[in-house]
Structures are given as C-alpha cells and as structure tokens.
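# Fold and contact review
Spelled out, the chains give:
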Amino acid sequence: MKKSIFIMLAIMLSATSIAQTKAITLEDIWSNGTFATGAARVGRSMADGERYSLMNNDGIAVYSYKTGEKLADLMLFADIDALKNIMIDSYKIDDNEQQILLSANFEPIYRRSGVSDYYLYDIANATLRKLTEDGKQRLTTFSPDGRMVAYVRNNNLYVMDLATLRERAITTDGEFNHIINGTTDWVYEEEFSITRGFHFSPDSRRIAYYRFDESNVKEYSMQMWQDLYPSDYTYKYPKAGEDNSKVEIFIYDLQQDRRIVPALGSENDQYLPRFQWTSDPSKLCVMRMNRLQNHMELLLVNADDNTVQTIYDQTNTGNGKSYVVQEALPLTSKRSLYSILNGREGCTRFFDLLLNGGSANTLLKARMGSYTCADYNCSLFDASISNVLRSRL
C-alpha cells in the first residue's frame, strides 16, 4: 500500500513539474505518444557469441556486441520482389547460420498461439521460397542440422525436407476439438505457458511430440465480434474438476519411419507439462505431475530400447506444490539442468542431473525474492533424494 502511494505521488509531482513549463494536452496523452515508454529492440545472438542479429523494417542485419555497430546485412526486404506488400512478423536463423525462416501474416488463435505463412531464405544464394501453399502453419522450427523443419497444420505434425520441399505427415488423425498433435490444448497453453509441442533430438534423427485427446472435454461457446455480425466460437474448455485432455508423448524415428510409444504410466488424469531431449540424442526427459500437482517426477526415456527410468521423484505434503519454472537446458555432453520450484520450502532449486552417471548436487538455492544467494551445500536438498538420484543414474 505504501509503495502504491509513493508511486502515485511521484507521478503527480512529475506531471506538476511538466505542467509548470508546458500544458499537457489530450493529444499528448492519446495521440502524440508524448509520455509513451520507450522499448529496446531485442537481438538474437550469433554462434560466435560476439555478434547478434536484429530485424527492422528494412531487413535483417548483424551487429557487434562490443561496439554496437552494424557489420553486415543478412537480407534486405526491398531486394526481394516476393516480399513486397508482405509484413514480416519474426525470423529464425538455423544453427549453421545459412538459412533464415521468416514468418508473415500472423493470425492469433489464443493468448500465445497463432498461424503464419513461412518463407525460407538462403543467405549465400539470396533466394527465397515459400514453404508450402497448403495453408498456414504453426510453430515452424529448424531441425538441429538445418536440413528439415517441423510444423503443425490442422492439428497434425509435419516434417519437411528443405532440399526437396517434400512434406512428410508424422500424424494424420488431427481434428479440431478432438485430437491435437505437435502443439497443446488450451489448458497447457494458458496454465503451463507452452504451445510448441514437439522437439527434434540433437542429431535430428527423431522427433518427440505431444498428442492430446480432448474428445471427452466439455465445450464452451462464446460470440466473436470482429465483424458486423457476431459468430459463434466453440472450443474445449475444461473447468475445475471436469475432464481434462488425455495427454501422451510419442517419439517418431525419422530414419526408420516408425513411432515409439513410451510407457509413461496408465494414469490419464495427469500432467506432462515439460519434455526435452537431453544432450544424449537417444534420451528424452519428461516431467510428470499428478493433477493435484503435489507429486512430480522426472522420467528418462531411452528411445533405443523404449525403457523408462524415474530419475527424480518428489512428493509435497500439505498445500505445497511442485511447479516447473524452466525447461531442461543442456550444459555439456553429459549434463542437463532442470530448475524446480519447490512450494513446500519456498525456494528455487537447480539440480545438476548427470544423466550419464555421477552424482546430483544442488547448484544454486535462490530464496523467493532474492536472486543473489549461491549455496552449493544447500541444506534444503534432502539427502535421501540425492541418494535416489545417485542410485538411478
């Protein structure tokens, strides 16, 4: 309360100071943007860590971190006839920094989702191709080797070979308000803040993806008012206590053209809020939580033999909940990092999971509200959990 009063007083004093030199008009507030806050353009780091790329109205260029100076143009939109009268929304550069994926004509679906047209630009040859004429896609992403992209269209997952533009359907059963492949339902998008539901393995051989069966989820209808007359929109919206989607994670082997179904448990009323390949291209780490969210496990799926190993298990009592706050981040060839928000102890723990052997240690303990505490012998890391991890890794 005191903080809010202080902020209000500061704004009033600031406005009074300005008013002493110049009258504030309605145009200043609503039309001219006189008091609008500024924004910094966010660049994307290049592989060498010394340069970054940035898109503006003219194109995409590379800049120096050290000096901030522009070093080179990767592409200029005005030089490409196919991009005239097209507004580019965003871009991605492949890991080899040879290709740029451009998205345009974005149409939103929900808060974090939407569909776009995608174009592929070859930097060396300065050529542009539209990926497909079969409709807009979602979440189009390069494979690590840059030879493929994966995307979702009409609730199905596709992989395209960029050399031939040949499209391969990984799934075919997608249907609105029934089956979702490669992306998420409304609950996962809204509550877990994720829409991308597929990941290439580091060697680009496999792709893991979500499958949501929302057939038994009850529908919710609302009117949409974009046009002169409203239209009805009906979608699957589970309220508290009602049926959620049945969620599964599949692995598709792109070399052998076959699907693997990991045994992630027979319980359907659960959450699988995160999954990601480890640095070992044959091992997928999956987070599993019960619906009450007081029991969380990390499962390690071996895509070679389809075995599943529990590498972390935590149950909280009382009102404590185990929430994920970050996905796994590869550290070295043998490590992946998971951060776990522990509601019972009120701290964020970062666990170094040595997925190919070794011990597990708490790397950092950060009390909520404090981000400077580094305690490598965190007393909150229960010894029994550490022993379980050591015995299973």
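The coordinates are above.
In this text, all values refer to a predicted model and were calculated from it rather than measured experimentally.

## Side note on the overall build of the protein
- The helix and strand tally for the protein stands at four helices and 27 strands.
- Burial analysis of the protein (393 residues in total) assigns 43% to the buried set.
- The long-range fraction of contacts in the protein, counting pairs at least 24 apart against all pairs at least 6 apart in sequence, stands at 42%.
- In the structure as shown, the protein presents an accessible area of about 21,700 Å², 49% of it carried by carbon and sulfur atoms.

## Things to note about the side chain of R274
- Take R274: it is sitting in strand β20 (residues 270–277).
- For R274, a relative accessible area of 10% gives the class buried.
- At 3.3 Å, the side chain of R274 forms a polar contact with the backbone oxygen of F192.

## So, the pattern of salt bridges
- With the rule as written, the count across this model stands at 19 salt bridges.
- Across the pair E133 and K130 runs a salt bridge, and its minimum N-O distance is 3.6 Å.
- Judged by its relative accessible area of 28%, K130 is partly exposed.
- A salt bridge links E167 to R153, with the nearest nitrogen and oxygen atoms 2.9 Å apart. Here E167, found in strand β12 (residues 166–169), pairs with R153, found in strand β10 (residues 148–153); they are 14 residues apart in sequence, far enough to count as distant.
- Of the residues examined, E167 reaches a relative accessible area of 26% and is grouped as partly exposed.
- Overall, the relative accessible area of 7% leaves R153 in the buried class.
- What you see here is one network of salt bridges that share partners, running through R205, R206, D253 and D304.

## Looking at the pairing of β20
- Taken across its eight residues, β20 has eight buried, putting it largely inside the fold.
- Of the strand pairs in this sheet, β20 and strand β21 (residues 283–290) are connected by six bridges, and their pairing is antiparallel. Along β21, the bridge assignment pairs Y271 with M289.
- A loop of five residues connects β20 with β21, the two strands running antiparallel in sequence.

## Considerations on the nonpolar core
- Residues Y188, Y210, I249, I251, L272, L284 and V286 are the most contacted members of the largest nonpolar core, which totals 32 residues.
- Elements that contribute at least two residues to this core include exactly α3 (186–191), β15 (206–213), β18 (246–253), β20, β21, β22 (295–302) and β23 (307–315).
- Contact partners of I249, with chain neighbours within four places excluded, come to Y209, Y210, P262, L264, L272, F275, L284 and V286.
- With 16 residues, the next largest nonpolar core counts M75, I80, I88 and Y121 among its residues.

The rules behind the values
Residues numbered from 1 in each chain as written. Predicted model: local features only at pLDDT ≥ 70, side-chain atom pairs only at ≥ 80, totals over all residues. Heavy atoms only, no water. Helix = DSSP H or I, 4+ residues; strand = E, 2+ residues; numbered from the N terminus. Buried < 20%, exposed > 50% of the residue type's maximum accessible area, 1.4 Å probe, protein only. Contact = heavy atoms within 4.5 Å. Areas by Shrake-Rupley, 256 points an atom, 1.4 Å probe, with all protein chains shown as cover. Polar contact = N/O pair within 3.5 Å; in protein donor to acceptor, adjacent residues only side chain to side chain. Salt bridge = Lys/Arg side-chain N within 4 Å of Asp/Glu carboxyl O. Pairing = 2+ DSSP bridges. Core = buried A, V, L, I, M, F, W, Y, C linked by side-chain atoms within 4.5 Å.

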